[in-house]
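One letter stands for each residue in the lines below.
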Amino acid sequence: KQHQKLIPIIASRKFLYIISLILTVLSIVAILTIGLKPSLDFTGGSLMEIKFSKAITTEELTESLKQIGDKINQEKAKAPIAPNVTDNTITVVPANNSPLDLNSIHVVTSGDAMQIKSKAISASDHDIIIKELKAKFGEVDEKRFQSVGPTIGDSLRNKAILAVILASLAIVLYIAFAFRKVPASVGKWKFG
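Trainee: I'm lost on the nonpolar core in this one. Help?
Mentor: For soluble globular proteins, the rule of thumb is that nonpolar side chains tend to be buried together. Ile-50, Phe-52, Leu-61, Leu-65, Ile-129 and Leu-133 are the most contacted members of the largest nonpolar core, which totals 20 residues. Of all the elements in the fold, those that place two or more residues in this core are strand 1 (45-52), helix 3 (58-78), strand 5 (113-118) and helix 4 (123-137). Ignoring sequence-local partners within four residues, the contact set of Leu-65 consists of Leu-102, Ile-105, Val-107, Ile-116, Ile-129 and Leu-133.

Trainee: Just checking my understanding: could you explain the packing of aromatic side chains for this structure?
Mentor: Given two aromatic rings, their pairing is described by the distance between the two centres and the angle made by the two planes. Using the criterion set out here, one finds one aromatic pair in the structure. Here Phe-52 and Phe-137 contribute two aromatic rings whose centre-to-centre distance is 5.5 Å and whose plane-to-plane angle is 70 degrees, an arrangement assigned as edge-to-face. Of the two residues, Phe-52 is situated in strand 1 and Phe-137 in helix 4; the sequence distance between them amounts to 85 residues. In this structure, Phe-52 and Phe-137 share a single accessibility class: buried.

Trainee: What exactly am I supposed to notice about the sheet that holds strand 6 (residues 140-148) here?
Mentor: Taken in spatial order, the four strands line up as 4-5-1-6 in an open sheet, and their pairing is antiparallel. For this open sheet the edge positions go to strand 4 (106-110) and strand 6, each flanked by a neighbour on one side alone. For this sheet, the mean inter-axis angle between neighbouring strands, taken without regard to orientation, is 15 degrees. Pairing geometry for strand 1 and strand 5, over five bridges, is antiparallel. Counted as the bridge partner of Ser-46 is Ser-118 from strand 5. Together, strand 1, strand 4 and strand 5 form the strand contacts of helix 3, whose direction differs from that of strand 4 by roughly 140 degrees. Packing of helix 4 onto the sheet brings it into contact with strand 1 and strand 6, and relative to strand 1 it is tilted by some 25 degrees.

Trainee: What am I meant to see in the pairing of strand 5 here?
Mentor: If a strand is regular, its side chains alternate between the two faces of the sheet. In terms of burial, strand 5 is a largely internal element, five of the six residues being buried. Here five bridges tie strand 4 to strand 5, and the two strands are oriented antiparallel to one another. Along strand 5, the bridge assignment pairs Ser-110 with Ala-113. Here strand 4 hands over to strand 5 after two residues, with Gly-111 in that stretch at a positive phi of 65 degrees.

Trainee: Please explain a nonpolar patch on the surface as it appears in this structure.
Mentor: A cluster of nonpolar side chains, namely Ile-9, Ile-10, Phe-15, Leu-16, Ile-18, Ile-19, Ile-22, Leu-23 and Leu-26, defines an oily patch on the protein surface of about 870 Å² accessible area. Structurally, Ile-9 can be placed in the segment before helix 1 (13-33).

Trainee: Is there a simple way to think about the side chain of Ser-46 in this case?
Mentor: Along the chain, Ser-46 turns up in strand 1. Taking the relative accessible area as the measure of exposure, Ser-46 reaches 1% and is therefore buried. Within the structure, Ser-46 has its side chain in polar contact with the side chain of Ser-147 (distance 2.5 Å).

Trainee: Help me understand helix 3 in this model?
Mentor: In an α-helix, one full turn covers 3.6 residues, which means residues spaced three or four apart are oriented alike. For helix 3, which comprises 21 residues, the first-to-last C-alpha distance of 30 Å matches the rise-based estimate of 30 Å (1.5 Å per residue) to within 8%. Along helix 3, the residues classified as buried are Leu-61, Thr-62, Ser-64, Leu-65, Ile-68, Gly-69, Ile-72 and Lys-76. Projected onto a plane normal to the axis of helix 3, the buried residues spread over an arc of 165 degrees and lie on a single side. Summarising the geometry of helix 3, the exposed residues directed more than 90 degrees from the buried face are Glu-59, Gln-74, Ala-77 and Lys-78.

Parameters and conventions
- Residues numbered from 1 in each chain as written.
- Predicted model: local features only at pLDDT ≥ 70, side-chain atom pairs only at ≥ 80, totals over all residues.
- Heavy atoms only, no water.
- Core = buried A, V, L, I, M, F, W, Y, C linked by side-chain atoms within 4.5 Å.
- Buried < 20%, exposed > 50% of the residue type's maximum accessible area, 1.4 Å probe, protein only.
- Helix = DSSP H or I, 4+ residues; strand = E, 2+ residues; numbered from the N terminus.
- Contact = heavy atoms within 4.5 Å.
- Phe/Tyr/Trp six-rings, centres within 6.5 Å; stacked < 30°, edge-to-face > 60°.
- Pairing = 2+ DSSP bridges.
- Axes fitted to C-alpha atoms, helices over the stretch in contact; angles between N-to-C directions.
- Patch = residues over 30% accessible without salt bridge, like charges linked within 9 Å, V, L, I, M, F, W, Y side chains within 5 Å.
- Areas by Shrake-Rupley, 256 points an atom, 1.4 Å probe, with all protein chains shown as cover.
- Salt bridge = Lys/Arg side-chain N within 4 Å of Asp/Glu carboxyl O.
- Polar contact = N/O pair within 3.5 Å; in protein donor to acceptor, adjacent residues only side chain to side chain.
- Expected span 1.5 Å × (residues − 1).
- Arc of directions from axis to C-beta.

Now the structure itself:
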């Protein structure tokens, strides 16, 4: 029988502590300098996945969407104002919804389709965007459209942070329980 060589983890613990400390510091520096890039689910916004009948580049689509956004905002600015009755008082508000921001969109190729990530897009603005894209690029097959509001995004982010904290605590408790028979001089909580 061959005997497998065991790695002396306990004897090398100071070296492993140093490696862990270095990796932790590098992770913190990376988070502070680069930052976390949370997905749409955590930030709120809209995601469209569109397949075009002809090949177009991400730059062409990005530029076209910015032009469409400007056109929609110009139309919204021209829209008449309408009365809004609340609590027996009449206030005058724009009949349209808030301006559309397509200047900070992110377009990527996803297989044979294009994914467009942007700030939240209303259903009416979405319909206009699809209509304008069809007019400019021909046949458009929309595979997916989803919008996540910022409130839902905040809620998901808070729940994800809580889940990470609870999972970390559960891991520490499990390891402390698993090593409960370790001598008191070493301490089961140190293992945890």
